[in-house]
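Each chain, letter by letter, is given below.
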Amino acid sequence: PTQHRPKILVSDDDFNVRLLTRQCLEAEDMVVVEASNGPETLDVFVRERPDLVFLDVEMPGMTGLEVCQRIRQMPQGESIPIMIVTGSDDRQSIDQGFEAGATQYKTKPVNWSLLGRDVLYMLRASDAFNALKRQEDRLRYLAYYDPLTSLPNRRSFNEQLNRILKRCRRHKSNAALLFIDLDHFKRINDSIGHGRGDRLLVEIAKRLTVELREDDAINYYTDHSAEDEPADSSTEIARLGGDEFTVVLSDITDAMQVERVAKRILDTLSEPIPLQSHNPVVTPSVGIALFPQDGEDPDTLVRNADTAMYAAKASGRACYRFYDEDMNARAVEQLKMEEELRDAMRNDELELRYQPQVDTRTGEVVSMEALVRWKHPQRGMVSPLEFIPVAERTGQIIELGEWVMGEVARHCQ
């Protein structure tokens, strides 16, 4: 490919200076565009998008310093190298030049034989700076965005939620956190393969973003501090990892507003997803926690939205549930049961009951069904309806299944 020839904007009201500058720069294989006054310089700068500006300070009307300041205020002029040239070589003039945004300062008479080299080295420094800036932007992107779906990631979500809740406290307004988990995603992922599973997640992210207004998504390239007001948006979407997504609604007026959003999420995510030969339907379970009643700080709000999401799963999945105090008490009870079930397997608190399977035609016992029972030291007999769902959710069901198989084999012997 042909190498990019740097484009230099030469701005001077003196025709001879422009001519000499053009000759010096073209000798170094640069493209030169010219302007003879301030307004024309700004016009040419916007139109031509040069790589560097050579700017005379003493121009009639709008001075070079004013032009320099105006260029720096434009998005495309923020980091452009600007060489300003002046007849004044006193300290105050030099300071004024740099305060206006100059990169390099030259006093007249200009050493024409060195000008081309000076510009060349300024361009080289500018390229290095831009490469560094691109790298910083990339690192910022990786730090705040999920590379698969391009949605804000967990870190980004945590910072944004903090900002939103601070703002809600100041304005005495309400917010809602929706915690979304895809039902049976692991099973679907394992059956269609992880490549298609990733494409499915990308499609889910796209549907969420389109449904909840793309222009509201968080943009972390606007580098505001934690105390600043966030962008004027009411919907923030993030992917926390795996098949977990969050939606934050700020400045909400009532729970009905949140309910409408939850219904839209359920409808849009439950549509079949075309993936080559497969068209899986992935339903979401959505847990909702409201600020300030369900939590006045980010951690509590997230924990309670998560609890509500598990309540949605327990209610049959493909639905949404609002958090309440009873739900939290049940969640604490479930957590306690998880720990006690783990101990029960170690402390021989589980036992088997056998139920015969009878062939109704002959009346013969043809097999036995092994049923697990939990004899709890304090609670007494705990129903399998209570502890089997806990074991399934936590993965303890595998260890429990192995224990049952071992016991059955031992009894058969």
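The coordinates are above.
None of the values given here were measured: they were computed from a predicted structure.

Residues L178, L182, L200, L208, F245, V247 and I265 are the most contacted members of the largest nonpolar core, which totals 32 residues. Those elements that place two or more of their residues in this core are β6 (174–182), α7 (185–192), α8 (194–211), β8 (244–252), α9 (255–269) and β9 (284–291). Element by element, the count of residues in this core is highest for α9, at six residues. In contact with L182, other than residues within four places in its own chain, are L200, L201, I204, D243, F245, L269, V282, T283, P284 and K313. One finds V53, I71, M74 and Y105 within the second-largest nonpolar core, a separate group that totals 22 residues.

Next up on the list: the packing of helix α2 (residues 38–48) against helix α3 (residues 64–73). Their axes nearest at 10 Å, the elements α2 and α3 cross at an angle of 25 degrees. Here α3 runs roughly parallel to α2, going by the angle between their axes. Along this stretch, α2 crosses α3, giving a crossing that reads as right-handed. Across from G38, T41, L42 and F45 in α2, the residues of α3 making contact are V67, R70 and I71.

In this structure the tally under the stated criterion is 25 salt bridges. Residues R18 and E34 are paired through a salt bridge, measuring 2.9 Å at the closest nitrogen-oxygen approach. Residue R18 is found in helix α1 (residues 15–26), and its partner E34 is found in strand β2 (residues 31–35); the two are separated by 16 residues along the sequence. Where E203 meets R207, a salt bridge forms, and the shortest distance between an N and an O atom there is 2.9 Å. In this pair, E203 and R207 are both assigned in helix α8, four residues apart and thus about one turn of the helix distant. If you follow the salt bridges from partner to partner, you end up with R18, R22, E26 and E34 in one network.

Once that is clear, we can look at the sheet that holds β9. With mixed pairing, five strands are arranged side by side in an open sheet as β7-β8-β6-β9-β10. Strand pairing shows two members of the sheet lacking a second neighbour, β7 (235–241) and β10 (320–322), which therefore form its edges. On average, each strand axis in the sheet is tilted by 20 degrees relative to the strand beside it, whichever way the strands run. The pairing of β6 with β9 spans eight bridges and is classified as antiparallel. Paired with F179 across the strands is G287, a residue of β9.

Reading the values: rules and limits
- Residues numbered from 1 in each chain as written.
- Predicted model: local features only at pLDDT ≥ 70, side-chain atom pairs only at ≥ 80, totals over all residues.
- Heavy atoms only, no water.
- Core = buried A, V, L, I, M, F, W, Y, C linked by side-chain atoms within 4.5 Å.
- Buried < 20%, exposed > 50% of the residue type's maximum accessible area, 1.4 Å probe, protein only.
- Helix = DSSP H or I, 4+ residues; strand = E, 2+ residues; numbered from the N terminus.
- Contact = heavy atoms within 4.5 Å.
- Axes fitted to C-alpha atoms, helices over the stretch in contact; angles between N-to-C directions.
- Parallel < 35°, antiparallel > 145°, perpendicular 65-115°, else oblique.
- Left-handed = near helix turned anticlockwise from the far one by under 90°.
- Salt bridge = Lys/Arg side-chain N within 4 Å of Asp/Glu carboxyl O.
- Pairing = 2+ DSSP bridges.

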